[in-house]
Structures are given as C-alpha cells and as structure tokens.
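Coordinate analysis (summary)
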Amino acid sequence: MDEIIKYVVDHHWGDVASVLEVIIAVIGFIVTIVSVTRSKKAAQRAEQAVLKIRDEMLKVDTIAEFSAAIASMDEIKRLHRENAWSVLPDRYSALKKVLISIRSVNPDMPDHHKTVFQNAIQHFSNFENQIETVIATNSNPPNVPKLNQIISRQIDRLIEVLVEMKNNFRGESHGK
Amino acid sequence: MVNERIVKLIERLHQRTMDGKITWEQTNIEGVFQIAFPEYSLKISKSESSHDYSISIFLQIYNKDGILIEGVHDGQLMPMIPFSTMEELYYNARRTAMGVDKAIDDILSELD
C-alpha cells in the first residue's frame, strides 16, 4: 500500500487528478451552458410556433366571420323584401357585433379598412334605430330598395376589404 | 356653450367638403347624409319647423360602435359658425352623396 502511495506522490498523480478535475468541470460547465442554450432556443421555437398557430387561427376566424357577415347581409336584404320588420332589429344588432368583433381582433388593419367597417356599422345602427321606431310607432315601413341598395354597397366594399386581407395573409404566410 | 373643438371640426369639415376632399353618402333616412372615419362617423341632416318653416341643420358624431356621442345644431354654433356655413356644408354634403357633380359632368360630356 505504501508503495502505491509513494508511486502516486512521486509521479505527481495528485496534480494530474486536480488538473483533470478542473478540465472535467470546465467541460461539464460548457455542456450545461450548451444544453441550457439549446433548451432556451427550443422553448423560443415552441413559443413562436404557438404564436404562429394562434395567428393562423385568427386569420381563419376572421375570414369565416367575414363570410358569415356577408351571408347575414344577404339574409337581411331578403328579410327586407319580405317586410319581416319584427325580426330585423336583432339581425342588425347581431351583424354589428360580428363587424365590431372582426375589427377588434384585427387592430392593425389599415385605416381605409377600418373606415369601411365604421361606415357599415353606422349604417346598420341607423337601420336598427329606424326599424325600432317603425315597430314602436306602427308607422310606415321604410323604402326597401333604398335599404337594400345601401346594403349591397356595404357588401361590395367589405368584399374588397376581404380580398385585400386574404392577399395580405398569403403574403405574410409566404414571407415567413 | 359649444366646445371650441366642435367649431374647429365644422370649419375643417366645411372646407374639406367644399374642396371635394371628402365624400358623404346617403343613409336610409331621406335628407340625412353620413361620412365615416376609421373610428367615428358623422351625420348631417336638416329639419324644417312646422311652426315658422325655419330650417335647422344638425351635425351628429357617433363612436366606433355607432352610438351617438355628440350632437349640435346651427343655433348652438352661432355666432362662431354662421348659418350660411352650416347650410353650405349641408347642401355640399348632399351634392357629394347624391353624385350631383358627376351627373352634371356626364351630361355635359354627352352634350359636347
């Protein structure tokens, strides 16, 4: 046993062990840093993927809501033709909510798109007020061709906005 | 007392309408015209008194949900905004909404 200890001391194996210990510690430290960095990058990639999916879902929702709003406007035109005044205030109100919702979830939409939404929302508010008054006072119904002409104009403008939005969405997707 | 900013708004609106920089549009109510901005809209209308046949011009401001937030009429704006300015604003809003200038231009081009 003494011979072994003497051999180790004579050949400075203790120093070698210390140096090796330091080297192993440094390597371990580097490996840890690399692992942490990789984990952080993986977490960032995962977060970006989640944000991208959320963004894509918002776009899909926007397009679906847009289509629903346009379908609802066509339905309102039909109800006008049928003089179904009693059900119309609820339809106007529901449509306004959809338009307000589309605008709210797309706060970065350009001003000219916001203006189209604002104009449509205002027209349907006007309709709602007018028809509520007609129902409450049992007065003469409004001019249906005029109402439907206003709606047709809103549909045309909203379709233009929808097409522009779809093109922008495609551009963003290709750019990513 | 009408807010000074409303006076400024009407002056600018009058100028822009006269210059043809903004286009009003017809609403479901006869004689009422509106214009939209990204988060607000305005409506202008005229009413005639059944008592003395005097005319009043109204301007209303609506928020982004289409709810009325402010309304003024020519009587409240005097003397800062003369009636003639409000009347001119109304009739020019009507002209742009009804497409009168375009109609005249088209007819003139047909006549040439």
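Structure shown above.
Scope of this entry: the structure provided in the associated data block. Within every chain, residues take consecutive numbers counted from 1 along the sequence as written. Each chain is given a letter, starting from A, and each ligand a number, starting from 1, according to the order in which they appear as written. It should be noted that, the model being predicted, local features are given only for residues of pLDDT at least 70 and side-chain atom pairs only at 80 or more, the latter also being counted only at that level, while totals for whole chains, interfaces and linings use all residues. Side-chain numbers here rest on the full set of heavy atoms in the structure, without hydrogens or water.

Our focus in this paragraph is the sheet that holds strand S5 (residues 68-73) of chain B. Residues and elements named next belong to chain B. Only strands joined by at least two bridges in the DSSP assignment are considered to pair. Numbering of helices and strands runs from the N terminus, with a helix taken as a DSSP run of H or I at least four residues long and a strand as a DSSP run of E at least two residues long. One open sheet accounts for five strands, arranged S1-S2-S3-S4-S5; its pairing is antiparallel. A strand with exactly one partner marks an edge of an open sheet, and here the two such strands are strand S1 (25-26) and S5. Bridge count for strand S4 (residues 55-62) against S5 is five bridges, and the pairing is antiparallel. Looking at S5, one finds that Tyr62 is bridged to Leu68. In what follows, a contact means two residues having at least one pair of non-hydrogen atoms within 4.5 Å. Whenever a helix is involved, its axis is fitted only over the stretch in contact; in every case the axis is a line through C-alpha atoms, and angles between N-to-C directions fall within 0 to 180 degrees. Taken strand by strand, helix H1 (residues 4-18) contacts strand S3 (41-48), S4 and S5, and its axis lies near 105° from that of S4.

Facing the 21 residues of chain A at the interface are 19 residues of chain B. Accessible area, probed at 1.4 Å, shrinks when two parts are joined; the buried area is that loss added up over both. Summing both sides of the interface, chain A and chain B together bury roughly 1,600 Å²; the carbon and sulfur share of this comes to 40%. Interface area lost by chain A to chain B is led by Gln118, Gln122 and Lys146 of chain A, which between them contribute 34%. The salt bridge criterion pairs a side-chain nitrogen of Lys or Arg with a carboxyl oxygen of Asp or Glu, the two atoms within 4 Å. The interface formed by chain A and chain B holds three salt bridges in total. The closest approach of N and O atoms between Lys146 of chain A and Glu30 of chain B, which form a salt bridge, is 3.3 Å. Each polar contact in these results corresponds to two N or O atoms within 3.5 Å; when the atoms are within protein, one needs to be able to donate a hydrogen and the other to accept it, and residues that are neighboring in sequence are counted only if both atoms are side-chain atoms. At the junction of chain A with chain B, the criterion picks out 15 residue pairs in polar contact (both at pLDDT 80 or more). Broken down by secondary-structure element, the contributors of at least two residues to the side of chain A that touches chain B are helix H3 (88-105), helix H4 (111-137) and helix H5 (144-175) of chain A.

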